[in-house]
Amino acid sequence: MKTVIMAGGKGTRISYVASDIPKPMIKIDGMPVLERELINLRDQGFKDIIITVSHLGNIIMDYFGDGSGKSPITGEGFGVKIQYFVEEVPLGNAGALFQLKDELNEDFLLLNADAVFDIDFNRMVKFHKEKGALVTLFTHPNSHPYDSGLIIAGENGNVKQWLTKEDERPQYYRNRVNAGLHVINPKVLDIEIKTPKIDLDRQILKPLAGTGQMFCYDSPEYVKDMGTPERYYSVMEDFRAGRVTARNLRNKQKAVFLDRDGTINKYVGFLRDIDDFELIPDVAKAVKMINESGYLAIVVTNQPVLARGEVTFDQLQQIHNKMETLLGLEGAWLDGIYFCPHHPHSGYAGEVPELKMNCECRKPKPGMLLQAAEDFNIDLSKSWMVGDGENDIAAGKNAGCHAALLIGDGTDCKKGYDFGQTTTCDTLVEFVKERIVD
């Protein structure tokens, strides 16, 4: 599979860091960003590379050549085959693709050269092929969804809406942002666009929303644009701390599994009304600390109100959208949300018969944690289950995790309860400071 890397941007926002070289050649811990991208691709078998260049492109071409030479930094061979497309006049961030149509006769990766990433591309390509997608977007949560473009997708990941920054957005939304990494079928280019510059997002991808041909590949792996000095220095810190490589899903992950009611939001019994959802004070601060620690933050929650017919799936999604929106406003995010819709007992007015069962996902059974472990390659023995009830503790122990019981205000539990938990804390912040943050 070929990889097209767009490396033609001028990098005006980051010129303070380096103004005499192209943005992809700015070094992260002594090595150009673009070289780190090529190493990541090469080591996964993606060795056929096309790089589009314009501004100061000769510096990139002189450094990498055709990919058969050796790195000036490491002395090792680049180990890839590179060809270049030189934009003599600006074509927009997708114009070069139409000039390269004859080279692109099968699915290809399309990446930005100014992003720092370390992801399992083979996993993403497998997802793309399983979906039979025309386009697959790499999507993830970030710390500022309120001023980012958002992707709205259905249950199976098909993109329903593509909301740019200037588009009106719903009051509550899922924290799902396009990271600028794509798997694309060349049939996407079988359209006629007459503008001299072509915008990838607005003219090619956004029109595919709602067609059932574009899908989200959600992943917690590390992808960050280093287009501003602030982001550049943040990426430098992450790289030196080992966070960039650690998040690749080829590596075992650690997670903090979080109950919802009484752990994230104030306990009100069975929560049926979105207006009753209220974050416990300092929970966003605690989740943000988990985000920064290298652990995944994953919600696992029993929601028998679905089986009882008291809340629909759409209403539950809106409640979870509110949770993600409120967390996002404070710079925190969740890497995953798993819920059990089942309930074993019958006799409720309006109940949903097909959801009345003794399942394997309802806590205290560990099904949700086991599914998350499979999805995200999690080492459960190094992970935690945090909640305010006996079922939370039992689910964590049954999955092989450590378990923490919360007993502070807003929870459904009090001091003195011993469910065999590893530790007992008043608040989520206290737990994170004592057990997660080094």
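Structure shown above.
Residues numbered from 1 in each chain as written. Predicted model: local features only at pLDDT ≥ 70, side-chain atom pairs only at ≥ 80, totals over all residues. Heavy atoms only, no water.

Novice: What should I look at first to understand the sheet that holds strand S11 (residues 177-184) in this one?
Specialist: Adjacent strands of a sheet form backbone hydrogen bonds with each other and so pair up, either parallel or antiparallel. Pairing within the open sheet is mixed, and its seven strands lie in the order S5-S4-S1-S6-S11-S8-S12. Both outer strands of the open sheet, strand S5 (81-86) and strand S12 (214-218), are each paired with one neighbouring strand and no more. Geometrically, the sheet is characterised by an average inter-axis angle of 25 degrees between neighbouring strands, direction not taken into account. Sitting on the sheet, helix H2 (residues 57-64) is in contact with strand S4 (48-53) and S5, with an inclination near 165 degrees to S5. (Pairing = 2+ DSSP bridges. Helix = DSSP H or I, 4+ residues; strand = E, 2+ residues; numbered from the N terminus. Axes fitted to C-alpha atoms, helices over the stretch in contact; angles between N-to-C directions. Contact = heavy atoms within 4.5 Å.)

Novice: When you look at the environment of Leu249 in this model, what are you seeing that I'm missing?
Specialist: Relative to the assigned elements, Leu249 resides in the loop between helix H7 (243-246) and strand S14 (255-258). Here Leu249 falls in the buried class, since its relative accessible area comes to 3%. For the pair formed by Leu249 and Cys361, sequence separation is 112 residues and the distance between their alpha carbons is 23 Å. Excluding residues that lie within four positions of it along the chain, Leu249 makes contacts with Arg123, Tyr217, Ser219, Pro220, Glu221, Asp375, Phe376 and Asn377. (Buried < 20%, exposed > 50% of the residue type's maximum accessible area, 1.4 Å probe, protein only.)

Novice: I'm lost on the environment of Pro366 in this one. Help?
Specialist: Tracing the backbone shows Pro366 in the loop between strand S16 (336-340) and helix H11 (367-376). Through-space distance from the C-alpha of Pro366 to that of Leu405 is 16 Å; in sequence the pair is 39 residues apart. Setting aside residues no more than four positions away along its own chain, Pro366 makes contact with Glu360, Ala395, Asn398 and Ala399.

Novice: Help me understand the packing of aromatic side chains in this model?
Specialist: Two descriptors summarise a pair of aromatic rings, namely the distance from one centre to the other and the angle between the planes of the rings. By the definition in use, this model includes eleven aromatic pairs. Judged by centre distance (4.7 Å) and plane angle (65 degrees), the rings of Tyr63 and Phe64 are edge-to-face. Per residue, the accessibility class of Tyr63 equals that of Phe64, and both read buried. Through a chain of ring-to-ring contacts, the aromatic side chains of Phe46, Phe117 and Phe121 assemble into a single cluster. A cation sits over an aromatic face here: Arg308 above Phe270, 4.2 Å from the ring centre. (Phe/Tyr/Trp six-rings, centres within 6.5 Å; stacked < 30°, edge-to-face > 60°. Lys NZ or Arg CZ within 6 Å of the ring centre and 35° of its normal.)

Novice: In this structure, what is going on with the pairing of S12? I would like to understand it.
Specialist: If a strand is regular, its side chains alternate between the two faces of the sheet. Counting buried residues along S12, four of its five residues qualify, which places the element largely inside the surrounding structure. In this sheet, S12 lies alongside strand S8 (residues 135-140) in parallel orientation, the contact comprising five bridges. The partner of Leu137 across the bridge, within S12, is Cys216.

Novice: Looking at this structure, how should I read the pairing of S4?
Specialist: Of all six residues in S4, six are buried; the element is thus mostly enclosed. As judged from the five bridges shared by strand S1 (residues 2-6) and S4, these two strands associate in the parallel manner. By the bridge assignment, Val4 is partnered in S4 with Ile50. Where S4 lies against S5, six bridges are found, and the strand directions are parallel. Across the sheet, the residue bridging to Ile49 is Ile82, located in S5.

Novice: I'm lost on helix H8 (residues 283-293) in this one. Help?
Specialist: Among all positions of H8, only Val283, Ala284, Ala286, Val287, Met289, Ile290 and Asn291 are buried. Of the surrounding elements, those touching the buried residues of H8 are S14, strand S15 (296-302), helix H10 (313-328) and helix H13 (428-436). At the C-terminal side of H8, Gly294 shows a positive phi close to 100 degrees.

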